[in-house]
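Coordinates in review
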Amino acid sequence: MAKTALITVLRKPATIRYPFEPAKKTDISRGHVVIDESRCISCTLCQKRCPAQAIVVLKDEKTWQIDRLRCVVCRACVDVCPVTCLFMDTQYTAPMTTRGVEIVAITYVKPPRPENPSPTGEAQT
Amino acid sequence: MTRQIIIPFGPQHPVLPEPIHLDLVLEDEKVVDVIPSIGYIHRGFEKLVEKREFPDYVYIAERTCGICSFIHGMTYCQGIEQVMNIEIPERALFLRTIWSEYSRLHSHLLWLGLFADSFGFENLFMNAWRIRERILDVMEQTTGGRVIQGACKIGGVRLDIDNEKLGRMSRDLDSIREEIDVLTTIFLRDSSITHRLKDIGVLSKTDAYSLGAVGPVGRASGLAIDLRETGYAAYGKLDLEIVTEREGDSYARCVVRARELFTSIDLIKQAINTIPEGPVEVKVTGAPQGEYFSRSEQPRGELVHYVKGNGTKFLVRSRIRTPTLSNIPPLVKMLQGCELADVPVIVLSIDPCIGCAER
């Protein structure tokens, strides 16, 4: 036991002074979800698969909402997103003082369809 | 006859990590009877299965417990996979085994720390949790989460660990083993600890059997029950030593958990050495129809997940039986006849996890 005590005295502290030093994190740490609003196609798959029902996508208003206090950071939405516009940031969500949802306006514009569709016979050639 | 008085113990008590309420019936300083009651943190997880699709329920099943979360998710997945007859790739089974054993290491170190705290050895508590932090770091590096791993899914696992990282984990385990060796020596040899724990809360082998003790509580009383023997995940391909003690007192329960740390390290190293190459998941189509009792060995004992599906995306019924619930009747037996001052130590010695038990 004396040996353990001596090692503990000589060793650096096992803890870190968190707000002053950054917290430990790895490349795949699940911190919080971020969205690239310019690529979201409002497919609502993330809303359907969210086990905590934290995400709401309003197609008409073109908004993507997340309640950070409901979100359990499971990464299900990131896995299901067909256009990979959702990412997992490694930084944990900052503490907050008020409840509420975070609303992101979707800026994705559907590209116009190519005009003058060719007859089927020509398209194959 | 001596006058009997009732002292309430819990749900809030400095020694208790989670809320359980015990009414201690005392004659002088001696406990003659105990009336346990739970129901303070019921969250309705089993009902939630009707509202979430079965692949999404894995995340909820995992959140049943904050310590053995990975094993909850894995057991639920095993149940669904059995109902749907899904063959899991070999590598995924080995990865599940590795993460399960890391969960066990983390849980037992956490318990050793809390146990040391319960008999007032705060320094040892901090030392146990310092080692536990290294285990949690490995968890975060491999799965992305410290305590809620979210690595299991129906049909395999969500993440693979590359072989280089596996090698590093194996080398890390050697130094963790040395640290654990020093820690457990203090637990098992220190005179103040042995004096505090020996012959406290004795549970005989027959009582352990008839009252349904599971996990380390049963093994400390001489019952060689370990669900890992059934060979779920990759345990069938690894050499497993079942740790048993005969005394059945608080010290024996401490010894069992301390020795299990080493068997867990051995199992992880064996799994890392024999892990095959290949895919880690298979595609799952369709919906479960049928029912299954999925069982596994949690750090605290036998865990049962019952799942029943009717061919739709939503399950009809889920039932979770956690080891703490089965260990409450043996706890009552242990407490009968003990001194009031020993109650905190005995309650902690079964490693109660009430959050699991109430779901």
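Residues numbered from 1 in each chain as written. Chains lettered and ligands numbered in written order. Predicted model: local features only at pLDDT ≥ 70, side-chain atom pairs only at ≥ 80, totals over all residues.

1. Here's the deal with the overall build of chain A
- Summing up its helical and strand segments, chain A has four helices and five strands in all.
- Reading the secondary structure of chain A in the N-to-C direction produces α-β-α-β-β-α-β-β-α.
- The C-alpha radius of gyration computed for chain A amounts to 23 Å, which surpasses the reference 14 Å derived for 125 residues by more than 25%, pointing to a less compact arrangement than a globule.
- C-alpha atoms of chain A, sized along the principal axes, occupy 90 × 40 × 25 Å.
- Relative to its full complement of 125 residues, chain A shows a buried share of 18%.
- Residue pairs at least 24 apart in sequence account for 73% of intrachain contacts in chain A once pairs closer than 6 positions are excluded. (Helix = DSSP H or I, 4+ residues; strand = E, 2+ residues; numbered from the N terminus. Rg over C-alpha atoms; globule rule 2.2 N^0.38 Å. Buried ≥ 20, exposed ≤ 12 C-beta atoms within 10 Å, placed from the backbone. Contact = placed C-beta atoms within 7 Å.)

2. Some remarks on helix α6 (residues 163-189) of chain B
All names here are of chain B.
- Here α6 spans 38 Å end to end across 27 residues, near enough to the 39 Å set by a 1.5 Å rise per residue.
- Of the residues making up α6, those classed as buried are L173, I176, I180, L183, T184 and F187.
- In this structure, the buried residues of α6 make contact with α4 (90-118), α5 (122-143), α7 (191-197) and α10 (250-274). (Expected span 1.5 Å × (residues − 1).)

3. A short note on the sheet that holds strand β8 (residues 315-321) of chain B
Residue and element names in this part refer to chain B.
- Read from one edge to the other, the open sheet built from three strands follows the order β6-β7-β8, with strand pairing classed as antiparallel. This sheet does not close on itself; its edge strands, each paired only once, are β6 (289-298) and β8. Along the sheet, successive strands turn relative to each other by an average axial angle of 10°, direction set aside.
- Of the pairings in the sheet, the one linking β6 to strand β7 (residues 301-310) comprises 10 bridges and is antiparallel in character. Residue Q298 lies in a different strand from β7, and its bridge partner there is G301.
- Relative to the sheet, helix α11 (residues 323-335) contacts β6, β7 and β8, its axis offset from that of β7 by approximately 130°. (Pairing = 2+ DSSP bridges. Axes fitted to C-alpha atoms, helices over the stretch in contact; angles between N-to-C directions.)

4. Re the packing of α5 of chain B against α6 of chain B
Residues and elements named next belong to chain B.
- Contact pair α5 / α6: the axes reach a minimum separation of 10 Å and the direction vectors enclose 170°. Judged by the inter-axis angle, α5 sits roughly antiparallel to α6. Counted together, L124, N127, A128, I131, R134, V138 and T142 of α5 and K165, M169, D172, I176, E179, I180, L183 and I186 of α6 form the full contact between these two elements.
- A class-by-class count of the residues in the contact of α5 with α6 yields nine nonpolar, two polar and four charged. (Parallel < 35°, antiparallel > 145°, perpendicular 65-115°, else oblique. Nonpolar A, V, L, I, M, F, W, Y, C, P; charged D, E, K, R; others polar.)

5. A few points about the interface of chain B and chain A
- Counting from both sides, the interface comprises 15 residues of chain B and, opposite them, 14 residues of chain A.
- Residue assignment for the side of chain B that touches chain A shows that the elements contributing at least two residues are α2 (57-62), α5 and α6 of chain B.
- Of the residues forming the side of chain B that touches chain A, the biggest block, five residues, is contributed by α5 of chain B.
- When grouped by side-chain class, the residues that make up the side of chain B that touches chain A number four nonpolar, four polar and seven charged.

6. Observations regarding the sheet that holds strand β1 (residues 4-9) of chain B
Residues and elements named next belong to chain B.
- The three strands lie next to each other as β1-β2-β3, forming an open sheet whose pairing is antiparallel. Of all the strands in the sheet, just β1 and β3 (30-37) have a single pairing partner and so form its edges. Within the sheet, the average angular offset between the axes of one strand and its neighbour, ignoring direction, is 25°.
- Pairing analysis gives seven bridges linking strand β2 (residues 21-27) to β3, with the strands arranged antiparallel. Residue pairing for β3: L22 is matched across the bridge by P36.

7. Some words on the environment of G167 of chain B
- Of note, G167 of chain B is situated in helix α6.
- Sequence-wise, G167 of chain B and N273 of chain B are 106 residues apart; in three dimensions their C-alpha atoms are separated by 8.7 Å.

8. Observations regarding unusual backbone geometry
Residue and element names in this part refer to chain B.
- The backbone phi angle of D199 is positive, close to 60°, even though this residue is not glycine.
- One non-glycine residue, D351, lies in the positive phi region at around 55°.
- Structurally, the position occupied by D351 is in the loop between α12 (343-349) and α13 (354-358).
- Classification of D351 as buried rests on a count of 27 C-beta atoms within 10 Å.

9. What to know about the confidence of the model for chain B
Residue and element names in this part refer to chain B.
- Averaged over every residue, the pLDDT of chain B is 88; the share at 70 or more is 100%.
- Mean pLDDT values for the elements of chain B range from 83 in α13 up to 91 in α10.
- Quick note on the complex model: pTM equals 0.88, ipTM equals 0.77. (pLDDT = per-residue confidence, 0-100.)

10. Here's the deal with the nonpolar core
- Grouped together as the largest cluster of nonpolar side chains are 118 residues, with contacts concentrated most on C77 of chain A together with V58, L95, Y102, L112 and L335 of chain B.
- Among the elements that make up this core, the one with the highest residue count is α4 of chain B (14 residues).
- Discounting residues that sit within four places of it in the chain, L335 of chain B has contacts with V31, V34, V343 and I346 of chain B. (Core = buried A, V, L, I, M, F, W, Y, C linked by C-beta atoms within 7 Å.)

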